[in-house]
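Residue-level listing of the chains:
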Amino acid sequence: MHAKAKAYLRKLGKYNSSIAAVSGKKPKRSSLDSAAKAAAVKAKSSKPKSSAKKTNGNGVHKDPSGLAHLDMVRYKSSDDYTRVVLELDGRVKYRYQVLDPNPAVSRPHRLYIDLTGSRLGHDVESATTVSDGILRSIRTGQYSKDTTRVVLDFLAMQEYKVFPLENPYRIVIDVYAPDGSVPVAKAKQPAKKTTANSKYRPPRGSKKMAGDLLEQLGLTVRTIMLDPGHGGKDPGAVANGLREKDVNLRFAKIVGKMLKEKGFKVQYTRLKDIFIPLEQRTAMANVKKADLFLSIHCNASRSKKVNGLETYSLNLAKSKDAVRIAARENAVDPRSISDLQFILTDLMVNSKIKESRDLAKDVQGSTISRVRRRWRLNNHGTREAPFYVLMGAKMPSVLVELGYLTNYTEAKRLKSDAYLQYLARGIVDGVVAYKGKIERYAMK
Ligand SMILES: [Zn+2]
């Protein structure tokens with residue numbers, strides 16, 4: 001792990017803030033692992049520190065004990081990927097460790113996380129059975145007076161990442177299945193399509209087989225996850241009579257329809273005006289094994305003059321503008337972005353950084369040229385920034401800022417379906433161009 005990332009995690013550990021009402025239900029301690037308890041002593045630890053930062057706005061001091069609450073344990077899971085999210089009402093220090101399987105007592109691999117300075121919320125289940133090929137179950141309990149323990153029992157695991165997000169404070173655990181264990185085994189066997197004794201294969205069939213093979217190897221683009229940003233209680237940017245969440249959704253439906261017409265399989269993180277946490281959107285794309293992830297947003301600026309299109313991919317931010325936009329989309333203070341960058345260094349190892357940058361270029365370029373057939377449009381180009389919604393995505397993923405709602409002219413355009421159609425055509429062109437490139441590369 002990056003040294004600075006470590007330092008940051010330690011820093012986060014010191015935030016003991018606020019709390020809601022104390023829970024009634026306390027799961028028995030025996031539901032937790034005694035081996036885990038013993039090993040906790042030598043676990044990775046985030047040490048408490050002295051100074052305290054301000055709470056994240058969700059912490060309401062209701063409890064004199066000063067403990068935070070583990071309010072929710074969510075998960076998204078498939079046969080090769082699982083994301084578990086622990087949501088708290090304030091920052092806590094945490095430590096985690098993986099324990100090796102113990103066949104004698106039929107214990108699988110398990111990862112436990114101790115949240116020091118926290119209590120278990122009364123709505124949190126003490127045990128949840130998952131059994132999806134990677135995760136067997138999730139168990140929670142009040143380990144000691146001020147420590148909550150969460151244990152993940154695995155059926156299979158290869159690699160994992162643990163990282164915190166802010167507002168509300170949450171700890172994300174990503175777990176990946178052993179390489180190649182599932183996708184290849186479950187993929188349709190091309191051999192079945194040719195009978196054993198048929199030596200002659202017609203050209204049409206071979207082309208189809210090549211296509212099948214590309215798909216199985218993940219060298220093409222078939223499924224696209226569209227993510228209309230914001231929703232429900234989170235309107236996103238609001239200006240000139242428009243709410244970002246509405247424009248994003250309207251646009252996602254338009255672009256989704258066009259992508260389907262081009263033969264893509266389209267999934268949506270939402271098709272209604274509902275709130276979905278940022279990290280859940282990425283998890284949906286991973287779980288659905290999408291080949292591309294497109295997060296759709298509209299921009300806002302203090303200056304009403306600013307307008308134009310820009311496409312982001314995940315990376316460290318290189319400009320103040322990128323930091324500001326990432327902070328707005330992450331719903332955090334811009335000052336916390338520099339901290340986030342340290343975590344990201346570690347996380348990016350598994351991300352499709354280069355592919356995402358290529359996709360951003362194709363999308364941005366195609367959209368600009370398509371829209372400019374009819375409108376003047378400012379080209380802000382492609383940029384990079386640490387967006388929560390792109391963190392941990394297993395596929396090439398970009399975030400498109402369609403335009404500035406704070407600019408009167410652009411807002412007026414974004415109100416019209418005609419303009420959105422042009423933008424959508426451009427994005428589809430970009431996706432098709434990207435798909436063509438990776439297929440050509442794969443066939444070489
Ligand atoms: Zn947004």
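Everything here concerns the structure above.
Residues numbered from 1 in each chain as written. Predicted model: local features only at pLDDT ≥ 70, side-chain atom pairs only at ≥ 80, totals over all residues.

### Regarding the overall build of the protein chain
The helix and strand tally for the protein chain stands at 11 helices and 18 strands. Counting only residues that meet the buried cut, the protein chain has 46% of its 444 residues in that class. Sequence-distant contacts in the protein chain: of pairs separated by 6 or more residues, those separated by 24 or more amount to 77%. (Helix = DSSP H or I, 4+ residues; strand = E, 2+ residues; numbered from the N terminus. Buried ≥ 20, exposed ≤ 12 C-beta atoms within 10 Å, placed from the backbone. Contact = placed C-beta atoms within 7 Å.)

### Looking at helix H6 (residues 278-287)
Counting buried positions along H6 yields nine of 10 residues, so the element is predominantly enclosed. Inspection of H6 places Leu278, Glu279, Arg281, Thr282, Ala283, Met284, Ala285, Asn286 and Val287 among the buried residues, and these make up the whole buried set. The first or second residue beyond H6 is Lys289, which carries a positive phi of 55°.

### Digging into the sheet that holds strand E2 (residues 81-88)
On the basis of which strands lie adjacent, the open sheet formed by five strands has the order E5-E1-E2-E10-E9 and mixed pairing. Because the sheet does not close on itself, it has two edges, and the strands there are strand E5 (118-120) and strand E9 (159-165). Sheet twist, expressed as the mean angle between neighbouring strand axes with direction ignored, is 25°. As defined by bridge partners, E9 adjoins strand E10 (residues 170-176) across seven bridges and the pair is classed as antiparallel. Counted as the bridge partner of Pro164 is Ile171 from E10. (Pairing = 2+ DSSP bridges. Axes fitted to C-alpha atoms, helices over the stretch in contact; angles between N-to-C directions.)

### So, the sheet that holds strand E18 (residues 397-404)
Taken in spatial order, the six strands line up as E14-E11-E15-E18-E16-E17 in an open sheet, and their pairing is mixed. For this open sheet the edge positions go to strand E14 (265-268) and strand E17 (379-385), each flanked by a neighbour on one side alone. Strand-to-strand, the axes of this sheet are offset by a mean angle of 25°, without reference to chain direction. Pairing geometry for strand E15 (residues 292-299) and E18, over six bridges, is parallel. Residue Ser295 lies in a different strand from E18, and its bridge partner there is Leu399.

### Describing the nonpolar core
Across soluble globular proteins, you tend to see nonpolar side chains buried next to one another. The biggest cluster of nonpolar side chains holds 101 residues, and the ones touching the most others in it are Ile224, Phe251, Leu292, Phe387, Leu414, Leu423 and Val431. The element best represented in this core is helix H11 (residues 417-443), accounting for nine residues. Both domain 1 (68-176) and domain 2 (213-443) contribute no fewer than three residues apiece to this core. Setting aside its immediate chain neighbours within four residues, Phe387 contacts Tyr312, Leu314, Ala326, Glu329, Asn330 and Leu399. (Core = buried A, V, L, I, M, F, W, Y, C linked by C-beta atoms within 7 Å. Domains from an automatic or database assignment.)

### Things to note about the environment of Leu344
Mapped onto the fold, Leu344 is located in helix H8 (residues 335-347). Sequence spacing of Leu344 and Phe387 is 43 residues, and the spatial spacing of their C-alpha atoms is 9.8 Å.

### Side note on the pairing of strand E11 (residues 223-228)
When you tally the buried positions in E11, you get five out of six residues, the bulk of the element. Note: E11 against E14, four bridges, orientation parallel. Looking across to E14, one finds that Leu226 is bridged to Tyr268. Pairing of E11 with E15, which is carried by five bridges, proceeds in the parallel orientation. Among the inter-strand pairings, Met225 is bridged to a residue of E15, identified as Phe293.

### Comments concerning the environment of Ala239
Along the chain, the position of Ala239 falls in strand E12 (residues 238-239). As for Ala239 and Leu405, which are separated by 166 residues in sequence, their C-alpha atoms are 5.5 Å apart. Residues in contact with Ala239, not counting those within four places in the same chain, are Ala300, Leu405, Thr406 and Ala411.

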